[in-house]
Amino acid sequence: MTQDELKQAVARAAIAYVVDGEIIGVGTGSTANFFIDELATIKDRIKGTVASSEATAARLRGHGIAVYDLNDVTGIAVYIDGADEITASGAMIKGGGAALTREKIVASVSRQFVCIADGSKLVQTMGAFALPVEVLPMARTAVMRRLAALGGQPRLRLKPGTEQAFITDNGGEIIDVAGLSITDPVALEQEINQIVGVIAVGLFAQRGADVCLLGTSEGVKTLTF
């Protein structure tokens, strides 16, 4: 199976976790996009969605799915999103799509977090995928120095084909930190969160996934944490 076929398989399997008549949190990225397309087939069964990015909101609305502001809902039944890396304990690196801050917010208020990913995303130790950190633009250089002191190799994310900083939906910039071997993701998440100027770090360990639907050549495997 191709990687896209694996993503489509887990997106289809995630429909079983959708709660009828409730608000569903929806993530950002290629795997989440497959889920949005699947969700469109049952959109009449749900009350609506909360999106983790402007791109996700646009795709949902394009399918005729209602999108609510998080401030206007009292709770989210389930949040469904992909991951750039995930461990056997449910800790994740996210933020390849630059939506890590809003993804963290939506995940934090959801009763259940279902990660959907192809099998290549399951790792023993995180860090091969550069860790995204969203920062206030004025703090970029100061934060990069602190991240380098932690043993990482920080690099500012640029708009594709330009020398300009990539700007998030929140007006922040993204620093991608390579060269880390993340053996204690909870501690590192807390440490980076304490750096002044950091908006959010793409470690989802304090609030990791509850379930991971992992696409493999043998079918979709379900991991629970």
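All values reported here derive from a predicted model rather than from experimental measurement. (Residues numbered from 1 in each chain as written. Predicted model: local features only at pLDDT ≥ 70, side-chain atom pairs only at ≥ 80, totals over all residues. Heavy atoms only, no water.)

(A) Expanded view of the overall build of the chain. If you tally the helices and strands in the chain, you get 6 helices and 13 strands. What you see for the chain is a C-alpha radius of gyration of 17 Å, in line with the 17 Å of a compact globule of 225 residues. Long-range contacts, defined here as pairs at least 24 residues apart, represent 71% of the contacts in the chain between residues at least 6 apart. Positive and negative side-chain charges in the chain, numbering 20 and 25 respectively, have mean positions lying 2 Å apart. (Helix = DSSP H or I, 4+ residues; strand = E, 2+ residues; numbered from the N terminus. Rg over C-alpha atoms; globule rule 2.2 N^0.38 Å. Contact = heavy atoms within 4.5 Å. Lys, Arg positive; Asp, Glu negative; His and termini not counted. Charge placed at Lys NZ, Arg CZ, Asp CG, Glu CD.)

(B) Region of interest: the UniProt feature "active site" (unreviewed entry) in the chain. Sites flagged by UniProt as "active site" (unreviewed entry) map to E103. Aside from chain neighbours lying at most four places away, what touches E103 is T28, S52, Y79, D81, K94, G95 and F204. (UniProt positions renumbered as here; feature names shortened; annotations may be inferred.)

(C) Local environment of the sheet that holds strand β12 (residues 211–216). Spatial ordering of the open sheet is given by β2-β1-β3-β6-β12-β13, a layout of 6 strands whose pairing is mixed. Two strands in the sheet have a free side with no partner beyond their single neighbour: β2 (48–51) and β13 (219–224). Within this sheet the neighbouring strands show an average axis-to-axis angle of 25 degrees, counted without direction. Here helix α2 (residues 30–39) sits on the sheet and contacts β1 (23–26), β2, β3 (78–81) and β6 (113–118); the angle it forms with β1, its principal contact strand, is near 150 degrees. Those strands touched by helix α3 (residues 54–62) are β1 and β2, and its axis lies near 160 degrees from that of β2. (Pairing = 2+ DSSP bridges. Axes fitted to C-alpha atoms, helices over the stretch in contact; angles between N-to-C directions.)

(D) A look at the sheet that holds strand β7 (residues 131–135). Strand order across the open sheet formed by 4 strands is β8-β9-β7-β10, with antiparallel pairing between neighbours. The two strands at the open ends of the sheet, each matched to only one other strand, are β8 (153–156) and β10 (198–201). Geometrically, the sheet is characterised by an average inter-axis angle of 30 degrees between neighbouring strands, direction not taken into account. Examined bridge by bridge, β7 and strand β9 (residues 173–178) share 5 bridges and lie antiparallel to one another. When the bridges of β9 are listed, P132 appears paired with D176. Running over the sheet, helix α4 (residues 100–108) touches β7, β9 and β10 and is turned about 65 degrees from β10.

(E) Layout of the nonpolar core. If you look at the biggest cluster of nonpolar residues, it comprises 23 residues, and the most contacted ones within it are V18, F35, L39, I80 and I116. If we skip the residues at most four places from it in the chain, I116 touches V10, A11, A14, T31, F35, I80, D81, G82, A83 and L213. (Core = buried A, V, L, I, M, F, W, Y, C linked by side-chain atoms within 4.5 Å. Buried < 20%, exposed > 50% of the residue type's maximum accessible area, 1.4 Å probe, protein only.)

(F) Representation of unusual backbone geometry. In this model, A98 sits at a positive phi of 70 degrees, which is unusual for a non-glycine residue. Along the polypeptide, A98 turns up in the loop between β5 (92–93) and α4.

(G) The arrangement of the packing of aromatic side chains in detail. Per the stated rule, a full pass over the model turns up 1 aromatic pair. On the basis of an interplanar angle of 55 degrees and a centroid distance of 5.0 Å, the ring pair of Y79 and F113 is categorised as tilted. Here the residue Y79 occupies a position in strand β3, and F113 occupies one in strand β6, the gap between them amounting to 34 residues. Here Y79 matches F113 in class, with each residue buried. Here the guanidinium or amino end of K94 rests over the ring plane of F204, the centre of that ring lying 5.6 Å away. (Phe/Tyr/Trp six-rings, centres within 6.5 Å; stacked < 30°, edge-to-face > 60°. Lys NZ or Arg CZ within 6 Å of the ring centre and 35° of its normal.)

(H) A look at the packing of α2 against α3. Contact geometry of α2 with α3 gives a least axis separation of 10 Å together with a crossing angle of 25 degrees. As far as their axial angle goes, α3 and α2 are roughly parallel. Every pair of crossing elements has a handedness; the one defined by α2 and α3 is right-handed. Contact residues: α2 offers N33, I36, D37 and L39, while α3 offers T56, R59 and L60. Classifying every residue of the contact of α2 with α3 gives 3 nonpolar, 2 polar and 2 charged. (Parallel < 35°, antiparallel > 145°, perpendicular 65-115°, else oblique. Left-handed = near helix turned anticlockwise from the far one by under 90°. Nonpolar A, V, L, I, M, F, W, Y, C, P; charged D, E, K, R; others polar.)

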